[in-house]
Amino acid sequence: MSRPKDFISIADWPPEEIVRMLDRAAELKRLRAARVPVSMLAGKSVLLYFEKPSLRTYVSFGIGVSELGGTPVYLPPGQVQLGGREALQDVARNLSRYCHMIVARTFDHDLVVGLARHADKPVVNALTDDLHPCQAMADALTIQEHGDLRSDRLVWVGDGNNMVSSLIHLAGVLGMQLTVCTPERYGPDPAVVERGRELAAASGGELRFETDPVAAVKDAAFVYTDVWASMGQESQAEERRSAFAGYQVNAQLMAAAPSGARFLHCLPAHRGEEVTEEVLESSASIVFDQAENRLHVQKAIMEALVDPS
Ligand code: CP
Ligand code: NVA
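Residues numbered from 1 in each chain as written. Chains lettered and ligands numbered in written order. Predicted model: local features only at pLDDT ≥ 70, side-chain atom pairs only at ≥ 80, totals over all residues. Heavy atoms only, no water.

(A) Looking closely at a nonpolar patch on the surface. On the surface, Leu55, Tyr58, Val59, Ile63 and Tyr74 cluster together to form a nonpolar patch covering roughly 440 Å² of accessible area. If you tally residues by element for the nonpolar patch, the top one is helix α2 (residues 56-67), at 3 residues. Structurally, the position occupied by Leu55 is in the loop between β1 (45-50) and α2. (Patch = residues over 30% accessible without salt bridge, like charges linked within 9 Å, V, L, I, M, F, W, Y side chains within 5 Å. Areas by Shrake-Rupley, 256 points an atom, 1.4 Å probe, with all protein chains shown as cover. Salt bridge = Lys/Arg side-chain N within 4 Å of Asp/Glu carboxyl O. Helix = DSSP H or I, 4+ residues; strand = E, 2+ residues; numbered from the N terminus.)

(B) Focus on the sheet that holds strand β7 (residues 206-210). On the basis of which strands lie adjacent, the open sheet formed by 5 strands has the order β7-β6-β5-β8-β9 and parallel pairing. Bordering the open sheet on either side are β7 and β9 (262-265), each of which pairs with just one other strand. The sheet shows a mean angle of 20° between the axes of neighbouring strands, taken without regard to direction. Where strand β5 (residues 153-157) lies against strand β8 (residues 222-225), 3 bridges are found, and the strand directions are parallel. Among the inter-strand pairings, Val155 is bridged to a residue of β8, identified as Val223. Along the sheet, helix α7 (residues 162-174) makes contact with β5, β6 (177-181), β7 and β8, crossing β6 at roughly 155°. Relative to the sheet, helix α13 (residues 287-305) contacts β8 and β9, its axis offset from that of β9 by approximately 45°. (Pairing = 2+ DSSP bridges. Axes fitted to C-alpha atoms, helices over the stretch in contact; angles between N-to-C directions. Contact = heavy atoms within 4.5 Å.)

(C) Structural context of the site of ligand 2. In the vicinity of ligand 2, the contacting residues are Leu127, His132, Asn161, Asn162, Asp226, Val227, Ser230, Met231 and Leu267. Here a nitrogen atom of ligand 2 and a side-chain polar atom of Asn161 are 3.4 Å apart. For ligand 2, whose unbound accessible area comes to 270 Å², protein coverage reaches 95%. For the shell around ligand 2, the residue count by class is 4 nonpolar, 4 polar and 1 charged. (Near = heavy atom within 4 Å. Polar contact = N/O pair within 3.5 Å; in protein donor to acceptor, adjacent residues only side chain to side chain. Nonpolar A, V, L, I, M, F, W, Y, C, P; charged D, E, K, R; others polar.)

(D) Fine view of α7. End to end, α7 covers 18 Å across 13 residues, agreeing with the expected 18 Å (1.5 Å per residue, within 8%). With 13 of 13 residues buried, α7 lies mostly within the body of the structure. One side-chain oxygen of the residue at the start of α7 lies 3.0 Å from the amide nitrogen of Met163, identifying that residue as Asn161. A positive phi of about 75° marks Gly175, the residue just after α7. (Expected span 1.5 Å × (residues − 1). Buried < 20%, exposed > 50% of the residue type's maximum accessible area, 1.4 Å probe, protein only.)

What follows is the structure in structure tokens.
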């Protein structure tokens, strides 16, 4: 597998490159703590385009670019209307003349794919309706810090959404043990599951699928959940609240997991819905380590993509 120009899906990347980025992210974290400057983006500009709201991704990319010596440029979506005011391919080609990298969060996954196809600069997927690869990379770094990436089981409880799709790819690429527990009607994208299985067959990973949360967490080292209605699904929030009622991560569910199991959430969290305040604030919760690690892994991703010349 050759090294892609863009970071759109973890499944496109060779395992050794993903491992290298995670190692570099850990190193960048140490260097930042020691206040050692790193300037891989000196003289470069990175365009940030976000169609959906964002706290962590927006801020950590902006600060990450600055800390690497580059200039972040924020393009409000209303200014461009991708594919509306101007054709996607023309936007991509214009941006390629100005900046050295594009970071984009869109509803439609095909927009990020189209930007990458027509831009001759690297494009980073900052979340689409389909995938959230940068978050999954931060999760891998966090799991590595608190356990063992290959032997500790990660158990997803909740919606079969963009987040779990990237975790399925990650598990397949890195040979992780992943259980995905969703209600029957809200399972993950079958194409993602198929790709995850292919990757896992090559890496020694194991993907399990469950519908019963108590059974799913019985051998969990990490229990992970996310909102029941993702951005863009707000009108389904009510029906989803009933469909996912038995899937809340609460003290009772954490008690069904082995002692010492950690709690993960990509955030933002809806306290009292997919997770209780008690679990989110418990000593098992490492959600802010995950959030911090966004900064370090995204710096490593940008370093890996940027043309150093
Ligand atoms: N986890 C995450 O991507 O958060 P934001 O939506 O705030 O960027
Ligand atoms: N699944 C969530 C993730 C947010 C970081 C969403 O897409 O809204």
